[in-house]
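So you can see what is in the structure, the chains are spelled out below.
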Amino acid sequence: MTQDKPRRQPRRTQADLRERLLAAALTEFATFGFDGASTRRIAKQIGAHQPQINYHFASKELLWQAAVGHLFTLLTQALDSNRITATGGQPLALEFAALLRRLVSFVACHPELNRIMVHESTCPGPRLEWMTGQFVKPFYQSLQPLWKQLVRDGIAAPIHPKLIHHALVGAASLVFVNAHELALLNGVNASSPYWVKAHAEGLIATFLPGLHRPESG
């Protein structure tokens, strides 16, 4: 009787290692902020070695930029704001509601997005300026005309267009950023599909109170 040969573990490619380093870096930067983050801890999280980080990223700053850029790329892909083609009324409101659902689903899986933003906004500097200019501002600007139209149509809550970005992102993400607090208060697992959906629908009802209301005329 022959013994089965042990299966070889698949070799990890450099691209795979880089992706895993970025994911570990996001967790580290979101938890400790840039100054408190440790590249040694990042490597340890995934069973890598410090030289492997140095191979892919010449500095801690470049690792932070790569991790944040990767996260915002995922966000852009998830939101897919190009899906919004309606110009007003209930069709636009329905597409905006779908955008809100996608946003909530994303931040439920990536609470580190808001945590990193808060860390950088607490001690503003070049990193915040870079992140805002590269990633936040384009989304902010794309949101303005949509929201203004929904307010004009009487569908959206009368929130000032200059504040709507932070109102939406803050409301969408805080449940998941403070997930441990939520669990202590009432035992809710914020990331469960039921509560992710419930949160999204609650936000839609709050921000788009005129959705599904019969249009006059």
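Residues numbered from 1 in each chain as written. Predicted model: local features only at pLDDT ≥ 70, side-chain atom pairs only at ≥ 80, totals over all residues. Heavy atoms only, no water.

If you look at the biggest cluster of nonpolar residues, it comprises 63 residues, and the most contacted ones within it are Phe96, Leu150 and Leu208. Going through the elements one at a time, helix H1 (14-36), helix H2 (39-45), helix H4 (60-79), helix H5 (89-109), helix H6 (112-122), helix H7 (126-152), helix H8 (161-177) and helix H10 (193-207) are the ones with two or more residues in this core. At 11 residues, the largest contribution of residues to this core is made by H5. If we ignore the near neighbours within four places in the chain, the residues touching Leu208 are Ala93, Phe96, Ala97, Trp147, Leu150, Ile155, Ala156 and Leu203. (Core = buried A, V, L, I, M, F, W, Y, C linked by side-chain atoms within 4.5 Å. Buried < 20%, exposed > 50% of the residue type's maximum accessible area, 1.4 Å probe, protein only. Helix = DSSP H or I, 4+ residues; strand = E, 2+ residues; numbered from the N terminus. Contact = heavy atoms within 4.5 Å.)

Turning next to the packing of aromatic side chains. This structure, assessed with the given rule, holds seven aromatic pairs. The rings of Trp64, Phe72, Trp130 and Phe135 are connected pair by pair, giving a single aromatic cluster. Here the guanidinium or amino end of Arg41 rests over the ring plane of Phe32, the centre of that ring lying 4.2 Å away. Just above the ring of Trp64 sits the side chain of Arg127; from NZ or CZ to the centre is 5.9 Å. (Phe/Tyr/Trp six-rings, centres within 6.5 Å; stacked < 30°, edge-to-face > 60°. Lys NZ or Arg CZ within 6 Å of the ring centre and 35° of its normal.)

Turning to the pattern of salt bridges, a few remarks are in order. Taken as a whole and judged by the stated rule, the model has five salt bridges. Here Glu61 ties to Arg127 by a salt bridge, and the two come within 3.9 Å at their closest N and O atoms. Note that Glu61 is positioned in helix H4 and Arg127 in helix H7, a separation of 66 residues in sequence. Given the relative accessible area of 29%, Glu61 is considered partly exposed. In this structure Arg127 comes out as buried when scored by relative accessible area, which is 17%. In this structure, Arg83 and Asp80 form a salt bridge, with 2.9 Å as the shortest nitrogen-oxygen distance. You can call Arg83 partly exposed: its relative accessible area is 47%. Given a relative accessible area of 28%, Asp80 falls into the partly exposed group. (Salt bridge = Lys/Arg side-chain N within 4 Å of Asp/Glu carboxyl O.)

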